[in-house]
Amino acid sequence: MTVRARYTYLGPEGTFTEAALRTLPEAADGELIPAASVAAALDAVRRGDAAGALVPIENSVEGAVTTTLDELATGSPLMIYREVVLPISFALLVRPGTTLDDVKTVTGHPVAQAQVRRWLAANLPHAEWESASSNGEGARLVRDGRYDCAFAGAFAAAPYGLDALVTDINDTAGATTRFVLAGRPGRITAPTSADKTSIVAWLDDDHPGALLELLREWAVRGVTLMRVESRPTGEGLGQYCFSIDAEGHARDRAVGEALMGVYRRCPKVRFLGSYPRAGAEASTDAGPVAGRPDRTVGHPTAAGGRFVEAADWLGRCLDGVSGSDRVGRAHRAPRPRRADRMDGVAGSGR
Ligand SMILES: O=C(O)C(=O)Cc1ccccc1
């Protein structure tokens with residue numbers, strides 16, 4: 001008997017996330033399990049109930065899906081193994097017989113609302129909006145009579161017995177959403193010629209220029225940052241961590257050295273993985289550094305010591321042998337309070 005791998009996703013049935021998951025070869029033979037929220041999808045992976053979870057992380061119009069950034073930055077460490085970018089266009093789903101004139105209430109995911117705001121103002125100016133936990137959930141709530149209509153993919157009409165009253169709704173042509181497949185820490189995906197590396201870094205915030213120094217670790221090695229997002233740590237106003245995507249793979253010399261530099265500077269850093277960039281022309285048979293310039297360090301970093309420890313940390317990130325979360329000791333940073341530290345081997349977030 002073959003055991004099918006289980007993949008969970010932001011559900012219920014009919015979400016864009018499900019559509020994105022179905023584009024992955026892993027999903028073709030897998031058992032797909034809808035989850036009620038991003039947190040629930042990721043927790044199923046943490047518990048070992050699923051091999052991976054597909055969750056939305058970024059929309060080209062609305063920006064970050066902050067729940068996902070925060071869920072990946074906290075809790076027991078997970079790693080990203082793949083990303084999927086999906087073009088997003090909405091349909092207005094209604095129960096059969098409903099016309100635009102009947103519509104008083106409308107629902108959808110908050111990211112959907114950002115993508116259809118102008119259309120709503122022009123076509124349903126008096127409709128009352130209430131957010132749903134996903135676009136699939138919005139469709140389900142329309143089926144159940146809670147709302148008059150929902151924004152969702154046209155493909156969500158059939159499973160809920162709804163009609164697509166209007167299709168191709170999108171204030172911004174060409175809108176896309178990026179989804180990531182997260183799993184428990186393990187060996188990172190082999191390098192291709194077009195990869196991305198993701199981390200979360202906490203700053204030593206007691207000295208000026210800490211953010212500049214973090215960014216310089218990448219810049220001096222010629223590594224392009226593709227996304228930098230600050231998120232509150234929840235520990236008080238002004239306390240932030242930074243969610244960063246860098247171009248390249250942790251096995252690239254320049255990226256690996258930048259990661260070690262970040263480790264040496266930051267009181268805490270969480271490695272989220274290196275994985276193929278969606279939509280980029282990649283070749284896996286070209287070897288780890290083929291197709292990329294073999295960038296070396298621009299100049300010696302000013303970060304204090306810990307070179308061996310940083311190299312050791314990077315080695316464990318690459319092997320995925322012991323969790324991906326590490327607390328480093330920043331240059332001039334006070335040692336984190338005991339309760340905040342994760343010196344142990346099997347990392348656990350805070
Ligand atoms: O997958 C869905 O349907 C979601 O609710 C998340 C989402 C929201 C907006 C655009 C793409 C994905």
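In this text the structure is predicted, and so the values were computed from the model without any measurement. (Residues numbered from 1 in each chain as written. Predicted model: local features only at pLDDT ≥ 70, side-chain atom pairs only at ≥ 80, totals over all residues. Heavy atoms only, no water.)

A closer look at the domain arrangement of the chain
In many analyses, interface size is given as the accessible surface area lost on bringing the parts together. Cut-off, in case you're wondering: An automatic or database domain assignment provides the domain bounds reported here. Whether two residues touch is decided by their heavy atoms; if any such pair falls within 4.5 Å, the residues are in contact. When two parts are brought into contact, each loses some accessible area as probed by a 1.4 Å sphere; the total of that loss over both is the buried area. The rule for a salt bridge is simple: a side-chain nitrogen of Lys or Arg has to be within 4 Å of a carboxyl oxygen of Asp or Glu. Polar contacts here mean pairs of N or O atoms no more than 3.5 Å apart (in protein, one a potential hydrogen donor and the other a potential acceptor; neighbouring residues in sequence count only if both atoms are side-chain atoms). In this count, Pro and Cys sit with the nonpolar residues alongside Ala, Val, Leu, Ile, Met, Phe, Trp and Tyr, while Asp, Glu, Lys and Arg are called charged and the others, Gly among them, polar.
Under the domain assignment, the chain is made up of domain 1 (6-88 + 176-181), domain 2 (90-169) and domain 3 (187-319). For domain 1 versus domain 2, the separation of C-alpha centres amounts to 22 Å. The interface is formed by 14 residues belonging to domain 1 together with 16 residues belonging to domain 2. Where domain 1 abuts domain 2, roughly 1200 Å² becomes buried across the two surfaces, and 66% of that area is made up of carbon and sulfur atoms. Our count for the contact surface shared by domain 1 and domain 2 stands at zero salt bridges. Between domain 1 and domain 2 we count four residue pairs in polar contact (both at pLDDT 80 or more) in total. Taken together, the residues of the side of domain 1 that touches domain 2 break down into eight nonpolar, four polar and two charged.

Describing the environment of A5
In plain terms, the rule: A run of H or I in DSSP counts as a helix once it spans at least four residues, and a run of E counts as a strand once it spans at least two, with each numbered from the N terminus.
Along the chain, A5 falls in the segment before strand 1 (6-10). A sequence separation of 45 residues divides A5 from A50, and the C-alpha atoms of the two residues are 7.3 Å apart.

A look at the site of the ligand
Using the following cut-off: By convention in these notes, a residue is near a molecule or strand provided one of its non-hydrogen atoms lies within 4 Å of it. All accessible-area figures derive from a Shrake-Rupley calculation using a 1.4 Å probe, and residue coverage is judged against the displayed protein chains alone.
In the neighbourhood of the ligand, the contacting residues comprise L10, T15, F16, T17, P56, I88, H109, V111, S134, N135 and T177. Here an oxygen atom of the ligand and a side-chain polar atom of T17 are 2.6 Å apart. Relative to its unbound accessible area of 310 Å², the ligand is 99% covered by the protein chains. Among the residues making up the shell around the ligand, the classes are represented as five nonpolar, six polar and no charged. Taken domain by domain, the shell around the ligand gets at least three of its residues from each of domain 1 (6-88 + 176-181) and domain 2 (90-169).

A few points about the UniProt feature "domain: Prephenate dehydratase" (unreviewed entry) in the chain
Keep this limit in mind: UniProt positions are given in the numbering used here, feature names are shortened, and annotations may be inferred rather than shown by experiment.
The positions that UniProt labels "domain: Prephenate dehydratase" (unreviewed entry) are, in the present scheme, residues 6-184. The span residues 6-184 shows a helical share of 28% and a strand share of 34%, and its end C-alpha atoms are spaced 13 Å apart.

Examining the packing of aromatic side chains
Our working rule: What counts as a ring pair is set by centres within 6.5 Å for rings of Phe, Tyr and Trp (its six-membered ring), and what kind of pair is set by the plane angle: stacked under 30 degrees, edge-to-face over 60, tilted for all other angles. Note on classification: 1.4 Å probe, protein chains only; a residue is buried when its accessible area is under 20% of the maximum for its type, exposed when over 50%, partly exposed between these limits. Comment: the charge-over-ring label is applied if NZ (Lys) or CZ (Arg) is within 6 Å of the ring centre and within 35 degrees of the ring normal.
Counted by the stated rule, this structure contains six aromatic pairs. With centroids separated by 5.3 Å and ring planes inclined at 85°, the aromatic side chains of F16 and F90 adopt a geometry described as edge-to-face. Taken as a pair, F16 in helix 1 (residues 16-21) and F90 in strand 6 (residues 90-94) lie far apart in primary sequence, 74 residues in all. Neither residue differs from the other here; F16 and F90 are each classed as buried. Their ring planes at 25° and their centres at 4.9 Å tell us that Y263 and W313 sit as a pair that is stacked. Taken together, the residues Y263 in helix 8 (residues 253-265) and W313 in helix 9 (residues 307-319) connect sequence positions 50 residues apart. Aromatic ring contacts, followed pair by pair, group F16, F90, W119, W129, F151 and F155 into a single cluster. The ring centre of W202 lies 4.1 Å from the NZ or CZ of K268, which sits over that ring.

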